[in-house]
Amino acid sequence: MTHFLPGARLGLIVALGLGGTPAWAQPDDLPAPVEALVAQGLTVHERFAAPDGLTGYAASAQGQPVAIYVTANGQHAIVGNLVDAEGNNLSSEPLDEFVKGPQDAAVWQRLEDSHWILDGDRSAPRTVYVFTDPNCPYCKRFWDAARPWVEAGEVQLRHIMIGVLKSDSPAKAATLLGAADPAAAFAAHNRGDEVAPSAQPADIEQQVQDNNTLMRELGLRGTPAIVYHRDGQLEVTQGMPGDDKMHAVMGSPRP
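Figured I'd write up the structure that's included with this text. None of the values given here were measured: they were computed from a predicted structure.

Cut-offs used in this document
- Residues numbered from 1 in each chain as written.
- Predicted model: local features only at pLDDT ≥ 70, side-chain atom pairs only at ≥ 80, totals over all residues.
- Heavy atoms only, no water.
- Helix = DSSP H or I, 4+ residues; strand = E, 2+ residues; numbered from the N terminus.
- Contact = heavy atoms within 4.5 Å.
- Areas by Shrake-Rupley, 256 points an atom, 1.4 Å probe, with all protein chains shown as cover.
- Buried < 20%, exposed > 50% of the residue type's maximum accessible area, 1.4 Å probe, protein only.
- Pairing = 2+ DSSP bridges.
- Axes fitted to C-alpha atoms, helices over the stretch in contact; angles between N-to-C directions.
- Arc of directions from axis to C-beta.
- Phe/Tyr/Trp six-rings, centres within 6.5 Å; stacked < 30°, edge-to-face > 60°.
- Lys NZ or Arg CZ within 6 Å of the ring centre and 35° of its normal.
- Salt bridge = Lys/Arg side-chain N within 4 Å of Asp/Glu carboxyl O.
- Parallel < 35°, antiparallel > 145°, perpendicular 65-115°, else oblique.
- Left-handed = near helix turned anticlockwise from the far one by under 90°.
- Core = buried A, V, L, I, M, F, W, Y, C linked by side-chain atoms within 4.5 Å.

In terms of helices and strands, the protein chain carries 9 helices and 10 strands. Considering only intrachain contacts with a sequence separation of at least 6, the fraction spanning at least 24 residues in the protein chain is 61%. In the structure as shown, the protein chain presents an accessible area of about 12,200 Å², 50% of it carried by carbon and sulfur atoms.

Here it is as structure tokens:
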């Protein structure tokens, strides 16, 4: 199953902050109609210039970008996209800059700060994050299919180890994270060596639980869940990608 952002925004939980608290300060001195919308649950991210005496506000509702335009007297607001005489959407650019961009950056930072095993050269120009369960056969298929890009030094995969599919998945994930050489242990696992779960320090076991929590917060359910950049925005693919999607994930045709 594949989701394209912003249809299902990965930034929803991360950008709003746990407990629904905005991760950024709202502009001061909001006009009354915008304050009323804020009271109804909208989050205002930034004010921006708009034509014909309007003032624009880049906002979000449950993580979804929303444009608000306030009339010159400050007494009325219009919610929705502003279109010019040629049909161009004038709301796209400010929403990308002030809402989608910060949301994507917040998600990417959460991924970077998670607990992952590096697969490939850390200096590879393209980074792809993969939520990986040791018991997921499609995760192994994805690992195998990615070899040409990884071995060519074009892509580094960062496998965020989770344990959700079977009762021993958390223990296997912790064993891989806690290995003396996690990258080598993970590669051996994908080549067919069975992971023998072993007791790990509490902090390693907690890393798996933290990864599980992150996956839930991002609304991801299928494995592998693959997060990557495309045309400057985040996309996510859940499950084993087909050939065309694989090229999109890796950023190029097969080397």
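Mapped onto the secondary structure, Q238 falls in strand β10 (residues 233-238). Take Q238: its relative accessible area is 4%, and that puts it in the buried class.

The 4 strands lie next to each other as β2-β3-β4-β5, forming an open sheet whose pairing is antiparallel. Because the sheet does not close on itself, it has two edges, and the strands there are β2 (43-49) and β5 (77-79). Looking at each pair of strands side by side, their axes are set apart by 25° on average, direction ignored. Two strands pair when backbone bridges link them, and strand β3 (residues 55-61) and strand β4 (residues 64-70) are joined in this way by 7 bridges, in the antiparallel orientation. The residue of β4 that forms the bridge with Y57 is I68.

A separate point is helix α7 (residues 182-190). Listed as buried for α7 are F186, A187, H189 and N190. Here the buried residues of α7 occupy an arc of 160° about the axis, which is enough to place them on one side. Two residues or fewer after α7 comes G192, characterised by a positive phi angle close to 125°.

Counted according to the given criterion, the structure contains 3 aromatic pairs. Summarising the aromatic geometry, the rings of W108 and Y129 are spaced 4.9 Å apart at their centres and angled 80° between planes, so their arrangement reads as edge-to-face. You can see W108 sitting in helix α3 (residues 92-112) and its partner Y129 sitting in strand β7 (residues 126-132), a full 21 residues away along the chain. Of the two residues, W108 and Y129, both sit in the buried class. Taken together, W108, W116 and Y129 form an aromatic cluster joined through their ring pairs. A cation over an aromatic ring shows up here: R147 above the ring of W143, its NZ or CZ 4.0 Å from the ring centre.

Attention now goes to the pattern of salt bridges. As enumerated under the stated definition, the model contains 7 salt bridges in all. Of the charged contacts in the structure, one is a salt bridge between K172 and D168, with a shortest N-O distance of 3.6 Å. Owing to a relative accessible area of 6%, K172 belongs among the buried residues under this scheme. Residue classification places D168 among the partly exposed residues on the basis of a relative accessible area of 28%. For the salt bridge of E235 with R230, the shortest nitrogen-to-oxygen distance reads 3.9 Å. Relative accessible area serves as the criterion here: at 3%, E235 is assigned to the buried category.

It is worth spelling out helix α4 (residues 137-145) at this point. Among all positions in α4, only C139, F142 and W143 are buried. The buried residues of α4 occupy one face: seen down the axis, they fall within an arc of 100°.

Moving on to the packing of helix α6 (residues 169-177) against helix α8 (residues 202-217). Viewed as axis vectors pointing N to C, α6 and α8 meet at an angle of 120°, and their least axial separation amounts to 9 Å. Considering their axes alone, α6 and α8 lie oblique with respect to each other. Note on packing geometry: the crossing formed by α6 with α8 is right-handed. Together, P170, A173, A174 and L177 of α6 and I204, E205, Q207, V208, Q209 and N211 of α8 make up the contact between the two elements.

Attention now goes to the nonpolar core. By size, the foremost hydrophobic cluster in this structure holds 17 residues, and its most contacted members are L111, F131, L218, L220 and V227. Broken down by secondary-structure element, the contributors of at least two residues to this core are α3, β6 (116-119), β7, α8, β9 (225-230) and β10. When residues in this core are grouped by element, the largest group, 3 residues, is from α3. Once residues lying within four places of it in the same chain are set aside, the contact partners of L111 are W116, Y129, F131, I160, L214, L218 and V227. Within the second largest apolar cluster, 14 residues are counted, among which are V128, V130, L157 and M246.

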